[in-house]
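Residues per chain, in single letters:
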Amino acid sequence: MKTKHLISISDLEKTDILEIFETARDLKSKQKSGKKYTPLTGKTLAMIFSKPSTRTRVSFETGIYQLGGLGLFLSGQELQLRRGETISDTAKTLSRYVDGIMIRTFNHKDVAELAEHSTVPVINGLTDLEHPCQALGDVFTIIEHKLKIKNDASLKLKIDGLNKLKVVYIGDGNNVANSLMLLCAKLSMNFTVITPAGYEPDKNIFNSAKEISADIKLSNEVSESSGADIIYTDVWTSMGKEEEKEKRSTIFKPYQVNNYLLSKSKPDCIVMHCLPAKRGEEITNDVIDGKNSVVFDQAENRLHIQKAIMLLLMK
Ligand code: CP
Ligand code: NVA
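Draft legend 1. Layout of the site of ligand 2. Neighbouring ligand 2 are Leu-126, Asn-174, Asn-175, Val-176, Asp-234, Val-235, Ser-238, Met-239 and Leu-275. At 2.7 Å, a side-chain N or O of Asp-234 approaches a nitrogen atom of ligand 2. When ligand 2 is considered free in solution it has 270 Å² of accessible area, and contact with the protein chains removes 95% of it. Looking at the shell around ligand 2 residue by residue, the class counts come to 5 nonpolar, 3 polar and 1 charged.

Here it is in structure tokens:
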């Protein structure tokens, strides 16, 4: 992989993305067949969390362990960062101990600064702007469900079929939407983001995505979701935006993923959500628990994709 860090989907070229998918497939099949594979023996990943997490924490910690290494959970609350130690001093210090740093925090620029001063790879485990590991796991899940490529490790991934699928993201134009949009653009996928006015994805990321692909669309109309092959949603109130929760619940109501919305999509449409979900808000119980939902496959694939990312960056 050409990049040293994974801060944004913009760090990746198409060949890097394919290499991550190919590696994840291989690691997943090794894992499923019970084969031990420990190429990161003796390596340590520092995991800084300044926001809560279930999936990201457990999948990174389990993933590095399965590859033979050690995951070190570091709460942002307990590091000296909280008492004012600079990001650059933190990066330089951690680089003397560990072989990789994963960080989940608020300000995207902090992650870029950490990477600038780190001599070891830095992986973005979610910022207010992006969630690249999530997007990679999600497109990997789409490939598994929609392209049905035979599980033959020597087979090069044939992902051309991806551009025939209509992906609709509906809800808040947040970190998850930003990364997914940019990744879909890089893979020439047809991607529509439907949000209430004023809640569109980040302008710069949208412009970059649009420059890469003409098949990236923004809309405020729920009806634009009809005929979707994939419907994706996420919470209306992301971490750090809790004070806007009530206002958002009202504004976003028409954008709920429910059976009516699903009835307008293709019969074999898959429903996706990065989780955690606010059941009854952005998605109803019957849809998230229904036959079209693949949300727990997405959660599982975070493990395989992140193992691939760690392997490619840290080996
Ligand atoms: N999807 C995701 O990143 O979940 P966590 O917040 O539980 O890590
Ligand atoms: N958009 C959500 C994603 C959580 C995984 C948030 O930032 O809270």
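Still more to cover.
Draft legend 2. Region of interest: the side chain of Ser-265. Along the chain, Ser-265 turns up in the loop between α9 (259-263) and β9 (270-273). From its side chain, Ser-265 meets the backbone oxygen of Leu-262 in a polar contact 2.6 Å long. When sequence neighbours within four positions are dropped, the list of residues in contact with Ser-265 reads Gly-227, Ala-228 and Ile-231.

Draft legend 3. Quick look at the packing of aromatic side chains. Counted under the stated rule, the structure contains 5 aromatic pairs. Taking 5.7 Å as the distance between ring centres and 25° as the angle between the ring planes, the aromatic pair formed by Tyr-169 and Tyr-232 counts as stacked. Taken together, the residues Tyr-169 in strand β5 (residues 166-170) and Tyr-232 in strand β8 (residues 230-233) connect sequence positions 63 residues apart. Side by side, Tyr-169 and Tyr-232 carry an identical accessibility label, which is buried. Grouping aromatic residues by their ring pairs yields a cluster made of Tyr-199, Trp-236 and Phe-252. Here the guanidinium or amino end of Lys-51 rests over the ring plane of Phe-106, the centre of that ring lying 4.7 Å away.

Draft legend 4. Focus on the sheet that holds strand β1 (residues 44-49). Here we have 4 strands laid out as an open sheet, ordered β2-β1-β3-β4, and parallel in their pairing. Whereas interior strands pair on both sides, the edge strands pair on one side only; in this sheet they are β2 (70-75) and β4 (122-124). On average, adjacent strands in this sheet sit at an angle of 20° to one another, irrespective of strand direction. As paired strands, β1 and strand β3 (residues 100-104) are joined by 5 bridges and run parallel to one another. Pairing of Ala-46 across the sheet is with Ile-101, part of β3.

Draft legend 5. Local environment of the pattern of salt bridges. Inspection of the entire model under this criterion finds 13 salt bridges. Across the salt bridge formed by Asp-289 and Arg-279, the nearest N and O atoms sit 2.9 Å from each other. Here Asp-289 is found in the loop between α10 (285-288) and α11 (295-314), whereas its partner Arg-279 is found in the loop between β9 and α10, with 10 residues between them in sequence. With relative accessibility at 51%, the residue Asp-289 sits in the exposed group. Of the residues examined, Arg-279 reaches a relative accessible area of 41% and is grouped as partly exposed.

Draft legend 6. Helix α5 (residues 132-147), seen in detail. Given a rise of 1.5 Å per residue, 16 residues ought to cover 22 Å, and the 22 Å separating the end C-alpha atoms of α5 matches this to within 8%. Judged by how many residues are buried, α5 sits mostly within the fold: 14 of 16 residues are covered.

Draft legend 7. Local environment of the sheet that holds strand β7 (residues 216-219). One open sheet accounts for 5 strands, arranged β7-β6-β5-β8-β9; its pairing is parallel. Looking at which strands have only one partner, the edges of the open sheet turn out to be β7 and β9. Averaged over all adjacent pairs, the angle separating strand axes in this sheet is 20°, with direction ignored. Bridge count between β8 and β9: 4 bridges; the pairing is parallel. Residue pairing in the sheet places Thr-233 in a bridge with His-273 of β9. Each of β5, β6 (190-194), β7 and β8 is contacted by helix α6 (residues 175-186), which is oriented at about 160° to β6, the strand it contacts most.

Here is what the cut-offs are and how they apply
Residues numbered from 1 in each chain as written. Chains lettered and ligands numbered in written order. Predicted model: local features only at pLDDT ≥ 70, side-chain atom pairs only at ≥ 80, totals over all residues. Heavy atoms only, no water. Near = heavy atom within 4 Å. Polar contact = N/O pair within 3.5 Å; in protein donor to acceptor, adjacent residues only side chain to side chain. Areas by Shrake-Rupley, 256 points an atom, 1.4 Å probe, with all protein chains shown as cover. Nonpolar A, V, L, I, M, F, W, Y, C, P; charged D, E, K, R; others polar. Helix = DSSP H or I, 4+ residues; strand = E, 2+ residues; numbered from the N terminus. Contact = heavy atoms within 4.5 Å. Phe/Tyr/Trp six-rings, centres within 6.5 Å; stacked < 30°, edge-to-face > 60°. Buried < 20%, exposed > 50% of the residue type's maximum accessible area, 1.4 Å probe, protein only. Lys NZ or Arg CZ within 6 Å of the ring centre and 35° of its normal. Pairing = 2+ DSSP bridges. Axes fitted to C-alpha atoms, helices over the stretch in contact; angles between N-to-C directions. Salt bridge = Lys/Arg side-chain N within 4 Å of Asp/Glu carboxyl O. Expected span 1.5 Å × (residues − 1).

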